[in-house]
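Now for the letters of each chain:
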Amino acid sequence: MKGMTKLDPQLYAFTYGCELSCVHTENCFVPISEIIAVEETEFNKKQRNIGRWQKMAKLHAFTVYYVKKARNHRWRCSGATFWCEDEHLCNQWTQALKELLEMQKSRPKQLLVYINPYGGKRQGKRIYEQKVAPLFSLASISTDVVITEHANHAKDNLFEVNIYKYDGVVCVGGDGMFSEVMHGLIGRMQKDSGIDQNNPKASLVQCNIRIGIIPAGSTDCICYSTVGISDPVTSALHIILGDCQPLDVSSVHHNNTFLKYSVSLLGYGFYGDILKDSEKKRWMGPMRYDYSGFKTFLSHHYYEGTIAYQPAKHTHGSPRDKERCRTGCYICKQSEKQLSEQSKERGLKHEEGAEEWKVIKGKFLAINAVSMSCACPRSPKGLSPAAHLADGSADLILVRKCSRFDFLRYLVRHTNQDDQFDFPFVDVYRVKCFQFTSKLSEDNESNVMDIGKKRFGQFCRDHPACCCNIVNSTWNCDGETLDSSAVEVRVHCQLMKLFARGIEEDCKDEAAHSQSSIEQLL
Ligand SMILES: CCCCCCCCCCCCC/C=C/[C@@H](O)[C@H](CO)NC(=O)CCCCCCCCCCCCCCC
Ligand SMILES: Nc1ncnc2c1ncn2[C@@H]1O[C@H](COP(=O)(O)OP(=O)(O)OP(=O)(O)O)[C@@H](O)[C@H]1O
Ligand SMILES: [Ca+2]
């Protein structure tokens, strides 16, 4: 019979796509780890009236909902319905499969969800209600949902609630919303452990409560770089399966004062200026970045300053590697091993004090430090394609003063297969920490009374055509502007965890990937 597979002399199945409701006939191979839920199914009249099944007295059925992997890392929920005449046999199967699912201990049972109704195209609430909530309820996940009423609502709330009763926190929004939840969770962990975040040398306590990102923002860089696609249903399914991806977090300090954490981009110059301009254009939605990007490109400002960094010697990778960080990445695993060895030898001080610092002075169009590739729909390979999610390092990219045409060539390479680091005016280093001081603040520190220079700086800021190097830029920290231009940055290896598994290797025949199958199981 069309759409039906004989699995057992007494048990039959047909498969269908949950979203498309189309019946298809191919065999489906599904590992237990990719089953979303198993449910008793009412056998409706329409199904009953197919062919010889009409003759059967009473049919009993159950449906197995599972992850179907489509192209470009997109996941969907599919289902296979099995039925037979023997009620006892049917119940046994349902029970056995449910028990197998119960044994998947990494799956969340209770989640705290924050929705930003104003992120991206303002679709957060609709996306959650229509696409995500039904899947969570199918997977028997209970949720406490908070719709945020103002900026920092989620962050502040995480200091008040009993976070330990949840298996994870989900944020529906963009990178800014993720940043809020991350600051809330990491901040709360440090507070509960008596760690002072203002100490730039403090060993921070890892946060084991995973964060899930349902992308509904403008860039969604963190979701794209850790899942391979910015798609709410795919992300919801990663959460349901209980995936776990550790993530490096950089702490940013100024004068022994904690400023922010960063997981994606810390950008001074080009990306700092784009952000500052785009904040005034929030009403434009995601388009504001293209508008401000074009404007900032034309202004072509460069900035003078000094960077000091310590190379990341603990990791074998290099930003010029051809290999990418993918699911089960060997380099990130090595860092994880080192981290657990370090924590065994607790009490040992960080060795960075003993290691040499490299110092670079110059005029820069952009200074970018990325702890992950920063891949996003605008740039699918990202700002540093070989950066690792969890190796304890960041890639420091220095784009020196060059012509507008050369800078455009550099930018365009973020969108094609050519190497964006293969320019004489671009340098890239893998680092574990760095410091930056702008020339202006160095000068100001040496002569605080030099008001004339400050005034001139203000004057030049008001003339976009002037490419002068007297004004400061600002830091773009994961989409938020920092108050200080002088910063001290340190990467904390795998400080937090996401409901994700990194980007999976491309596989032409996704089905061939599966290790076991429902058929084998039966
Ligand atoms: C000619 C085309 C060149 C295209 C070059 C595209 C490079 C795009 C690289 C994107 C990197 C995103 C890094 C992620 C940062 C997030 O933590 C942060 C928070 O969401 N997003 C932004 O700051 C938002 C940053 C948004 C950046 C948008 C940049 C747009 C540049 C447009 C330049 C136009 C030049 C045209 C000349 C004719
Ligand atoms: N109810 C709210 N009203 C106003 N602002 C909010 C509210 N909830 C959260 N925010 C703030 O909105 C900012 C932006 O949100 P979000 O990151 O979701 O969208 P986006 O900026 O469009 O996307 P991206 O960060 O990817 O560019 C966040 O920094 C967050 O602090
Ligand atoms: Ca990293």
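Everything numeric in this text was worked out from a predicted model, so none of it was measured.

Procedures and definitions
- Residues numbered from 1 in each chain as written.
- Chains lettered and ligands numbered in written order.
- Predicted model: local features only at pLDDT ≥ 70, side-chain atom pairs only at ≥ 80, totals over all residues.
- Heavy atoms only, no water.
- Donors = N, O, S within 2.8 Å, 3.2 Å for Na, K, Ca; no water.
- Buried < 20%, exposed > 50% of the residue type's maximum accessible area, 1.4 Å probe, protein only.
- Helix = DSSP H or I, 4+ residues; strand = E, 2+ residues; numbered from the N terminus.
- Expected span 1.5 Å × (residues − 1).
- Contact = heavy atoms within 4.5 Å.
- Core = buried A, V, L, I, M, F, W, Y, C linked by side-chain atoms within 4.5 Å.

Undergrad: Tell me about the coordination of the calcium ion (ligand 3), and name the residues and values.
TA: Protein coordination at the calcium ion (ligand 3): the donors are Asp248 (OD), Ser371 (O), His388 (O), Asp391 (OD) and Ser393 (O), at 2.3 to 2.6 Å from the metal. Written as a sequence motif, the donor residues of the calcium ion (ligand 3) are D-x122-S-x16-H-x2-D-x1-S. Each member of the pair, His388 together with Asp391, is buried.

Undergrad: So what's going on with helix α5 (residues 175-192)? Which residues, and what values?
TA: Along its 18 residues, α5 runs 25 Å from first to last C-alpha, staying within 8% of the 26 Å computed at 1.5 Å per residue. Buried residues dominate α5, accounting for 15 of its 18 residues. With its phi angle positive at about 70°, Gly194 sits one or two positions after the end of α5.

Undergrad: Talk me through the environment of Asp391; I want residue IDs and the actual numbers.
TA: Counting through the fold element by element, Asp391 comes out in the loop between β15 (358-370) and β16 (394-400). Of the residues examined, Asp391 reaches a relative accessible area of 0% and is grouped as buried. When the C-alpha positions of Asp391 and Val491 are compared, they lie 9.5 Å apart, and in sequence the two are 100 residues distant. Not counting the four nearest positions on each side in its chain, Asp391 is found in contact with Asp248, His314, Thr315, Ile331, Cys332, Ser335, Arg430 and Cys493.

Undergrad: Give me the lowdown on the nonpolar core, citing residues and values where you can.
TA: Core analysis: the biggest nonpolar cluster contains 42 residues, and Tyr114, Phe178, Met182, Ile211, Met496 and Leu498 have the highest contact counts within it. Among the elements that line this core, the one with the most residues is α5, at 7 residues. In this structure, Met182 is in contact with Gly187, Ile211, Val249, Tyr261, Ser262, Val263, Asp478 and Met496, ignoring residues within four places of it in sequence. Counting residues in hydrophobic clusters, the runner-up holds 28 residues, among them Ile36, Trp75, Ala236 and Phe499.

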